[in-house]
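What follows is the residue order along each chain.
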Amino acid sequence: MRSSLGAITLASIVFASSAMAAESVYEIQLLEQKWTPPAGVSAAMSRSLADVESRALEAGSGSVHVLVQLVDIPSDAEKNALWSDGLDLGAYVPGRAWIAAVPVGRMADIVARKDVRAIVPWTAERKVHPNLKQGNVGSWAIDPERPDWIMTFVQLHHDVDLSEIYEVGDKVGGVVMPPIEGLHGATVWVPIERLAKLAAIEEVLWIEEGPQPLTETNDGARANMRADNVIAAPYNLSGNGVRVFVYDGGSVRATHETFNPGTGSRVTVIDATAVSSH
């Protein structure tokens, strides 16, 4: 009897542990929130998504943006099939989730899919960095002549043409700086009281404090980017294929072995700037 009870108890523990492990892969992790949504789309959520779609149609938007969780991570071929069916996956969110675009008129079809575990609107509240919400803005991001204006960096959704960033800025009376293609966004100066209106624009994916001025001595960049975390297990990322922006100061040292292997330098200095040691 004891052996039987022990076996049943052990089996129960193993089953519970397996269930918890299965649930953990579906924990969605955002900066402000971590949660495991229940499987399935409720009637209330279906109505909410339909309302969002109706408002997008009235506003003239061609698509609605959602946070969608799939049962499994799709292959490239499956992603292409999802795109053909109206679910255009964008940025990945830990927890088998993506910020995705759904064409207006196709939401009901997406909600009914068996491979969709959960789906919620990508709301204005989720678009703003927590620090910006709390008013924690660096001095560099405040206009000294207009202290009620702040510098933000605004990213557009992946399916939105980057040129639309100017129209987005105009809608809130902001000032848009030249867009950065690699980040699919731009620095936008905006009155702080219009931040909520900016976040409510359907085409906007993310808003955070504008970038701190670049400096030559920037040893903390690696730690701030948490590069060591993603190099180590279980990620083991190498950075291969990733584009980065490099800031440097002073002139390039023409004698550096990278540019002069001993057969003559490949560097041409055109502005007579002195070499900076850092």
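Heads up: the structure comes first, above all this text.
Before going into details, it helps to say that this report is about the structure given with it. These numbers come from a predicted model, not from an experiment.

### Details of the overall build of the chain
So, point 1. Across its full length, the chain holds ten helices and ten strands.
So, point 2. Its C-alpha radius of gyration of 24 Å places the chain more than 25% over the 19 Å reference for a compact globule of 278 residues.
So, point 3. Looking at the chain residue by residue over its 278 residues, the buried ones come to 32%.
So, point 4. For the chain, the accessible surface area stands at approximately 17,600 Å², while carbon and sulfur atoms represent 55% of it.
So, point 5. Considering the chain, the positive charge centre built from 22 side chains and the negative charge centre built from 34 side chains are found 7 Å apart.

### Details of the sheet that holds strand S9 (residues 185-191)
So, point 1. Reading across the sheet, the four strands line up as S8-S9-S7-S10 and stay open at both edges, with antiparallel pairing between neighbours. Of all the strands in the sheet, the pair left with one neighbour each is strand S8 (175-176) and strand S10 (204-209).
So, point 2. In terms of strand pairing, S8 meets S9 through two bridges, oriented antiparallel. Bridging from a neighbouring strand, valine 175 pairs with tryptophan 189 of S9.

### Comments concerning the pairing of strand S6 (residues 116-121)
So, point 1. Of all six residues making up S6, six are buried, and the element is well covered by its neighbours.
So, point 2. Bridging between strand S3 (residues 63-70) and S6 involves five bridges; their strand directions are antiparallel. Paired with glutamine 69 across the strands is alanine 118, a residue of S6.

### Notes on the pattern of salt bridges
So, point 1. For the structure on display, the rule yields six salt bridges.
So, point 2. The salt bridge partner of aspartate 109 is arginine 106, with a shortest N-O separation of 3.6 Å.
So, point 3. Note on arginine 106: relative accessible area 30%, which makes it partly exposed.
So, point 4. It is possible to trace a salt-bridge network through shared partners that takes in Asp85, Arg113 and Asp115.

### So, the sheet that holds strand S4 (residues 88-93)
So, point 1. Overall, antiparallel pairing links the four strands, which are arranged S4-S5-S3-S6 in an open sheet. Here the strands that pair on one side only, and so sit at the sheet edges, are S4 and S6. On average, each strand axis in the sheet is tilted by 30° relative to the strand beside it, whichever way the strands run.
So, point 2. Sheet contacts for helix H2 (residues 43-59): S3, strand S5 (97-103) and S6; angle to S6, the most-contacted strand, approximately 50°.

### A closer look at the packing of aromatic side chains
So, point 1. In the structure shown here, the tally under the stated rule is one aromatic pair.
So, point 2. Between tyrosine 92 and tryptophan 98, the ring centres sit 5.1 Å apart and the planes meet at 70°, which makes this aromatic pair edge-to-face.
So, point 3. The residue whose ring lies beneath arginine 117 is tyrosine 26, and the NZ or CZ to ring-centre distance is 4.2 Å.
So, point 4. Against the face of tryptophan 149 rests arginine 146, its NZ or CZ located 3.9 Å from the ring centre.

### Side note on H2
So, point 1. If you check H2, its first and last C-alpha atoms are 25 Å apart, about what 17 residues at 1.5 Å a residue would give, namely 24 Å.
So, point 2. Of the residues flanking the end of H2, it is glycine 60, one or two places downstream, whose phi is positive at about 85°.

About the criteria used
- Residues numbered from 1 in each chain as written.
- Predicted model: local features only at pLDDT ≥ 70, side-chain atom pairs only at ≥ 80, totals over all residues.
- Heavy atoms only, no water.
- Helix = DSSP H or I, 4+ residues; strand = E, 2+ residues; numbered from the N terminus.
- Rg over C-alpha atoms; globule rule 2.2 N^0.38 Å.
- Buried < 20%, exposed > 50% of the residue type's maximum accessible area, 1.4 Å probe, protein only.
- Areas by Shrake-Rupley, 256 points an atom, 1.4 Å probe, with all protein chains shown as cover.
- Lys, Arg positive; Asp, Glu negative; His and termini not counted.
- Charge placed at Lys NZ, Arg CZ, Asp CG, Glu CD.
- Pairing = 2+ DSSP bridges.
- Salt bridge = Lys/Arg side-chain N within 4 Å of Asp/Glu carboxyl O.
- Axes fitted to C-alpha atoms, helices over the stretch in contact; angles between N-to-C directions.
- Contact = heavy atoms within 4.5 Å.
- Phe/Tyr/Trp six-rings, centres within 6.5 Å; stacked < 30°, edge-to-face > 60°.
- Lys NZ or Arg CZ within 6 Å of the ring centre and 35° of its normal.
- Expected span 1.5 Å × (residues − 1).

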